[in-house]
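In case you want the letters, here they are:
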Amino acid sequence: MKKVKNFFWYCAGADHQLLEKCPTDESKYVGIGATIFFTGLFAALAAGYGLYTVFDSYLIASTLGLVWGLMIFNLDRFIVSSMRKTTLSNELIMAIPRFVLAILISIVIAKPLELKIFEKEINGELAVMQDEMKTAKEETINIKYNEQKQQITSDITRLKADIHTKTTQRDELSRIAQQEADGTGGTMKRNPGPIYQIKKADAERVNKELDELMATNQPLINEKEAQVSTVDSLQQAELLALETTDIGGPAARLEALNRLATQSSAIWWANAFIILLFIVIEISPILVKLLSTKGPYDYLLQKEEYQFEANAYKDKGFIHDGIKKETEALANKEKEFVRSNLDMKLDNA
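No experiment lies behind these values; they were computed from the predicted model shown.

Chemist: Explain the layout of surface pockets here, please?
Modeler: Over the atoms rolls a probe the size of a water molecule, and its path tells where empty space is left. Looking at the largest pocket, its volume works out to about 150 Å³. Lining the largest pocket we find L41, A44, L45, G48, Y49, Y52, Y58, A61, S62, G65 and L66. For the lining of the largest pocket, the secondary-structure elements that each account for two or more residues are α3 (23-55) and α4 (58-81). With 6 residues, the single largest contributor to the lining of the largest pocket is α3. A class-by-class count of the residues in the lining of the largest pocket yields 8 nonpolar, 3 polar and no charged.

Chemist: Teacher, can you tell me more about helix α1 (residues 2-12) here?
Modeler: Every α-helix winds through 3.6 residues per turn, so residues three or four apart in the chain are directed the same way. What α1 keeps buried is the set F8, W9, C11 and A12. Each buried residue of α1 lies within a common arc of 155° when the element is viewed along its axis, so the set occupies one face. Looking at α1, the residues exposed on the side facing more than 90 degrees away from the buried face are K2 and K3. Summarising the contacts, the buried residues of α1 are in contact with α2 (16-19), α3 and α4. Positive phi appears at G13, one or two residues downstream of α1, with a value of about 75°.

Chemist: Can you walk me through the nonpolar core in this structure?
Modeler: Here is a general trend for soluble globular proteins: nonpolar side chains tend to be buried in one another's company. Counting residues in hydrophobic clusters, the biggest one holds 31 residues, and the most contacted among them are I109, I122, L126 and I286. Elements that contribute at least two residues to this core include exactly α3, α4, α5 (88-117), α6 (119-182), α8 (250-263) and α9 (265-291). One finds F8, A14, F73 and V80 within the second-largest nonpolar core, a separate group that totals 16 residues.

Chemist: When you look at the side chain of N271 in this model, what are you seeing that I'm missing?
Modeler: Summarising the element assignment, N271 is placed in helix α9. Once residues within four sequence positions are removed from consideration, N271 is found in contact with K111, E114, F118 and L257.

Chemist: It is not clear to me how empty space enclosed by the protein should be interpreted in this structure. Could you clarify?
Modeler: For the coordinates displayed, the defined rule picks out 1 cavity of 30 Å³ or more. Taken as a whole, the largest cavity spans an internal volume of roughly 40 Å³. In terms of lining residues, the largest cavity is bounded by D76, I79, V80, E282, P285 and I286. Of all the secondary-structure elements, those providing two or more residues to the lining of the largest cavity are α4 and α9. When grouped by side-chain class, the residues that make up the lining of the largest cavity number 4 nonpolar, no polar and 2 charged.

Chemist: I'm lost on the side chain of K224 in this one. Help?
Modeler: Take K224: it is sitting in helix α7 (residues 194-241). The class of K224 is buried, set by a relative accessible area of 18%. Here K224 is in contact with I152, D155, I156 and L159, once residues within four sequence places are set aside.

How each quantity is defined
Residues numbered from 1 in each chain as written. Predicted model: local features only at pLDDT ≥ 70, side-chain atom pairs only at ≥ 80, totals over all residues. Heavy atoms only, no water. 1 Å grid on protein atoms, 1.4 Å probe; cavity = no way out; pocket = protein on both sides within 12 Å on 5 of 7 lines; lining within 4 Å. Points joined across faces, edges and corners; volume = space filled by probe spheres on them. Helix = DSSP H or I, 4+ residues; strand = E, 2+ residues; numbered from the N terminus. Nonpolar A, V, L, I, M, F, W, Y, C, P; charged D, E, K, R; others polar. Buried < 20%, exposed > 50% of the residue type's maximum accessible area, 1.4 Å probe, protein only. Arc of directions from axis to C-beta. Contact = heavy atoms within 4.5 Å. Core = buried A, V, L, I, M, F, W, Y, C linked by side-chain atoms within 4.5 Å.

See below:
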């Protein structure tokens, strides 16, 4: 138990020799050290899981997670050990930047664990996101090829419309010539005459034009219909070759968690409470330091630090005194210059 106690004292950044003289403060610093230790442990586990989703390697994730956990542990240890019990206002001023830093660390620590806690829900949302991405890609492919087919089909329709128009014109002229021949139209005379010959010539002329148009347009129609078949084949081949994108990385998981929180108030509140929990865990050592009264350890630490500070002032005094004695041989102006600057240094010390 003594080793465990000493370890947690080390985690709290406490001076063992001074703390052993203060039995009433031992448990307090054991609690502070344990909180710092477990905060670092949570940070290592969270970072390890988060990095595993990136590198998919236990060795890399464990190594980098351990480094991250040690960094958070060392940072928390520095924050708590550097705080001193003075007046409440001074302590609050000192604690504000530490609170901000602690909150930022908490958010960073909490995110990977949130991803693990909601892993099943996130995996389901990732499947939905993958389907959406695949559908979007299919739509892009379809739009690209449908535009090509639409242009070709438009050309085919235009070519066929020209043939249909010319065919309709030929049929109409042939009908008029036939009616002129059998006396059911035109001059209403049964025997063919000059008017019939003219109408027949018009029908034959248009029929010739139709044959020429067919000779020109039909190969183009066949060619463009073949192009439509080719585009259809390319479109189907590209759709079949389309693969579902694996989006299991941390960025995609964070996006999935954000979508889930937007869709479900329960997940949003659970997400918020997890972050708040880690914020409380992270700032708890600072809160303990702020809320605890000034104990024997704080007085001994203040005395120890003040002794070093006082000795530093004393050493400066001896040094200045020695320099002033050495300047006795200087002229009055130079002597006064040295003395005035040394006195100024003492005043600002």
